[in-house]
Amino acid sequence: MALYKIEAIIKPFKLEEVKEALTEIGIAGLTVTEVKGFGRQKGHTEIYRGSEYTVDFLPKVKIEIVLTEEILPKATEAIIKSAKTGKIGDGKIFVLPVTEAIRIRTEEKGENAI
Amino acid sequence: MALYKIEAIIKPFKLEEVKEALTEIGIAGLTVTEVKGFGRQKGHTEIYRGSEYTVDFLPKVKIEIVLTEEILPKATEAIIKSAKTGKIGDGKIFVLPVTEAIRIRTEEKGENAI
Amino acid sequence: MALYKIEAIIKPFKLEEVKEALTEIGIAGLTVTEVKGFGRQKGHTEIYRGSEYTVDFLPKVKIEIVLTEEILPKATEAIIKSAKTGKIGDGKIFVLPVTEAIRIRTEEKGENAI
Ligand SMILES: Nc1ncnc2c1ncn2[C@@H]1O[C@H](COP(=O)(O)OP(=O)(O)OP(=O)(O)O)[C@@H](O)[C@H]1O
Ligand SMILES: Nc1ncnc2c1ncn2[C@@H]1O[C@H](COP(=O)(O)OP(=O)(O)OP(=O)(O)O)[C@@H](O)[C@H]1O
Ligand SMILES: Nc1ncnc2c1ncn2[C@@H]1O[C@H](COP(=O)(O)OP(=O)(O)OP(=O)(O)O)[C@@H](O)[C@H]1O
Ligand SMILES: [Mg+2]
Ligand SMILES: [Mg+2]
Ligand SMILES: [Mg+2]
């Protein structure tokens, strides 16, 4: 079965809620990175109205999950529901193809490694 | 329209210049991570001539941009021009396929989510 | 020749050993990120037996290597051998397709940029 990687960039204070939503649907592994970024508002108006000409980076959290195509729609739905505040800066979900997964300890491969 | 992700590893002091070059061509979102790495010189001669037998990690910045295939050539060109010093260690640009993008706040998908 | 990216999530104390195993087979570039994550044990029993209902993030290191399909099997083998302790939490290897690589300094492309 095809494997994919979700990369979700979310508001840092939403991490716990998103993690819980994902474990509830059976996601058994994920990786988190502290990042910074900007979207269409160029980082301004999310916090304060900055100069029109500067672009500010705001702290965000990136969640990465490698999963099967079967669970992918449920996982994106769980992220959308748990990460959304309705205000700008709620973040993005990107999906990338994955050609192989290996559990290092057991050398299991593919969906058995997820 | 097909979506791609650029991952560019650059010299940290070039971040502002690259960000400006990308916003000038209309890139409306990107994510930055602090990383460390080495290339063909194994981290040595970029700063000083280290032992031939050790490999050192140097601090770098990773920029990630999800974009349409239409803007991809312009974006790689903007990164090359703004990140290049002509000295070793200027970094790399990698391009990966992306199968979906979602704006969490609005649930817009595909190129409308970029 | 097709390009791929390995993303390996390993135990932090294994970084040096994995780096050496990879340089020994000729890998001439990689990028490292400090991350945190959990796998099937939800972060508990790797260190102590936590509450059944909480999920804990443990510090991990992510290694990214863009390489040709030719060297890919050797590289995954080198990572498995050098990263494995045989205990839970040894980590994962994921492989993703890469459509382009560019060395910024020289503008070389594809496998010449690796
Ligand atoms: N095209 C993109 N490529 C890479 N990262 C992106 C992209 N767009 C957004 N991001 C990341 O997602 C974070 C949140 O983006 P954000 O939610 O503000 O997007 P937006 O398009 O401005 O939507 P909104 O109008 O809801 O604010 C950014 O800080 C950045 O880290
Ligand atoms: N094959 C690779 N896979 C993953 N990351 C890489 C790879 N090659 C380089 N990098 C990342 O890019 C950074 C900069 O690499 P660098 O520009 O030194 O490449 P190089 O091939 O040695 O080119 P140059 O001869 O111009 O120095 C490294 O520190 C590392 O983080
Ligand atoms: N499906 C996944 N998606 C993204 N990251 C993952 C996934 N599974 C594991 N990881 C990352 O790899 C790290 C190590 O995982 P781990 O080795 O504990 O996996 P496991 O499946 O529990 O295997 P084991 O039973 O050997 O412990 C996690 O902390 C997390 O960062
Ligand atoms: Mg925004
Ligand atoms: Mg170099
Ligand atoms: Mg585990």
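All values derive from a computational prediction rather than experimental measurement. (Residues numbered from 1 in each chain as written. Chains lettered and ligands numbered in written order. Predicted model: local features only at pLDDT ≥ 70, side-chain atom pairs only at ≥ 80, totals over all residues. Heavy atoms only, no water.)

1. Overview of the environment of glutamate 17 of chain C
Residues and elements named next belong to chain C. Its place among the elements puts glutamate 17 in helix α1 (residues 15-24). Residue classification places glutamate 17 among the partly exposed positions, given a relative accessible area of 43%. Side chain to side chain, glutamate 17 and lysine 14 meet in a polar contact 3.2 Å long. (Helix = DSSP H or I, 4+ residues; strand = E, 2+ residues; numbered from the N terminus. Buried < 20%, exposed > 50% of the residue type's maximum accessible area, 1.4 Å probe, protein only. Polar contact = N/O pair within 3.5 Å; in protein donor to acceptor, adjacent residues only side chain to side chain.)

2. Notes on the environment of isoleucine 104 of chain A
Position of isoleucine 104 of chain A relative to the elements: it lies in the segment after β5 (100-103). The class of isoleucine 104 of chain A is buried, set by a relative accessible area of 0%. The spacing of isoleucine 104 of chain A and glutamate 70 of chain A is 34 residues in sequence and 23 Å in space, taken between C-alpha atoms. Leaving out residues up to four positions away in the same chain, isoleucine 104 of chain A has contacts with Ile9, Ile10, Ile79, Ile80, Ala83, Lys84, Asp90, Gly91, Lys92 and Ile93 of chain C. (Contact = heavy atoms within 4.5 Å.)

3. Structural notes on the packing of helix α1 (residues 15-24) of chain B against helix α2 (residues 72-83) of chain B
Residue and element names in this part refer to chain B. Relative orientation of the contacting elements α1 and α2 amounts to 150°, with a least axis distance of 9 Å. In terms of axis orientation, α1 runs roughly antiparallel to α2. Handedness of the crossing formed by α1 with α2: right-handed. Side by side, α1 and α2 meet where Glu17, Val18, Ala21 and Leu22 of the first sit next to Ala75, Ala78, Ile79, Ser82 and Ala83 of the second. For the contact of α1 with α2, a count of residues per class yields seven nonpolar, one polar and one charged. (Axes fitted to C-alpha atoms, helices over the stretch in contact; angles between N-to-C directions. Parallel < 35°, antiparallel > 145°, perpendicular 65-115°, else oblique. Left-handed = near helix turned anticlockwise from the far one by under 90°. Nonpolar A, V, L, I, M, F, W, Y, C, P; charged D, E, K, R; others polar.)

4. Some thoughts on the site of ligand 2
Neighbouring residues of ligand 2: 22 residues in total, closest Arg40, Gly89 and Gly91 of chain B together with Thr31 and Arg105 of chain C. The site occupied by ligand 2 is bordered by residues of chains B and C. In this structure, valine 66 of chain C approaches ligand 2 through a main-chain N or O atom, which is 2.9 Å from a nitrogen atom. Considering ligand 2 on its own, with 610 Å² of exposed area, one finds that the protein chains cover 99% of that surface. Counting residues per element, the ones that place at least two in the shell around ligand 2 are β2 (30-38) and β4 (92-98) of chain B together with β2 (30-38) and β3 (58-68) of chain C. Among the elements that make up the shell around ligand 2, the one with the highest residue count is β3 of chain C (three residues). (Near = heavy atom within 4 Å. Areas by Shrake-Rupley, 256 points an atom, 1.4 Å probe, with all protein chains shown as cover.)

5. Quick word on the interface of chain B and chain C
Each partner contributes to the interface: chain B provides 32 residues, whereas chain C provides 28 residues. A combined buried area of about 2,600 Å² lies between chain B and chain C, and 62% of that area is made up of carbon and sulfur atoms. Summed over the shared surface of chain B and chain C, the result is three salt bridges. Glutamate 107 of chain C is paired through a salt bridge with lysine 84 of chain B; the nearest N and O atoms lie 2.5 Å apart. Of all the secondary-structure elements, those providing two or more residues to the side of chain B that touches chain C are β1 (3-10), β2, α2 and β4 of chain B. Of the residues assigned to the side of chain B that touches chain C, the class counts are 16 nonpolar, six polar and ten charged. Bridge count for β4 of chain B against strand β5 (residues 100-103) of chain C is four bridges, and the pairing is antiparallel. When the sheet's bridge partners are listed, lysine 92 of chain B is paired in β5 of chain C with arginine 103 of chain C. (Buried area = accessible area lost by both parts, 1.4 Å probe. Salt bridge = Lys/Arg side-chain N within 4 Å of Asp/Glu carboxyl O. Pairing = 2+ DSSP bridges.)

6. Re the interface of chain A and chain B
Opposite the 31 residues of chain A that make contact, chain B presents 28 residues. Summing the contributions of chain A and of chain B, the shared interface buries around 2,500 Å²; its carbon and sulfur component is 62%. The largest per-residue losses of area from chain A upon contact with chain B belong to Phe38, Arg40 and Lys92 of chain A, which jointly make up 22% of the total buried on that side. Applying the counting criterion to the chain A and chain B interface returns three salt bridges. Along the contact surface separating chain A from chain B lie eleven residue pairs in polar contact (both at pLDDT 80 or more).

7. Digging into the confidence of the model for chain A
Residue and element names in this part refer to chain A. For chain A, per-residue confidence averages 93 on the pLDDT scale, and 89% of positions sit at 70 or higher. The least confident element of chain A is helix α1 (residues 15-24), whose mean pLDDT is 97; the most confident is strand β4 (residues 92-98), at 99. Taken over the whole predicted complex, pTM reads 0.95, whereas the ipTM for its chain interfaces reads 0.95. (pLDDT = per-residue confidence, 0-100.)

8. As for the site of ligand 1
Around ligand 1, a shell composed of 22 residues is seen, among which Arg40, Gly89 and Gly91 of chain A together with Thr31 and Arg105 of chain B lie nearest. Surrounding ligand 1 are residues belonging to chains A and B, so the site spans chains. The separation between an oxygen atom of ligand 1 and a polar main-chain atom of glycine 37 of chain A is 3.3 Å. Take glycine 29 of chain B: an N or O atom from its main chain is 3.5 Å from a nitrogen atom of ligand 1.

9. Considerations on unusual backbone geometry
Residues and elements named next belong to chain A. With a phi close to 60°, glutamate 107 is a non-glycine residue in the positive phi region. On the secondary structure map, glutamate 107 appears in the segment after β5. The class for glutamate 107 is partly exposed, based on a relative accessible area of 41%.

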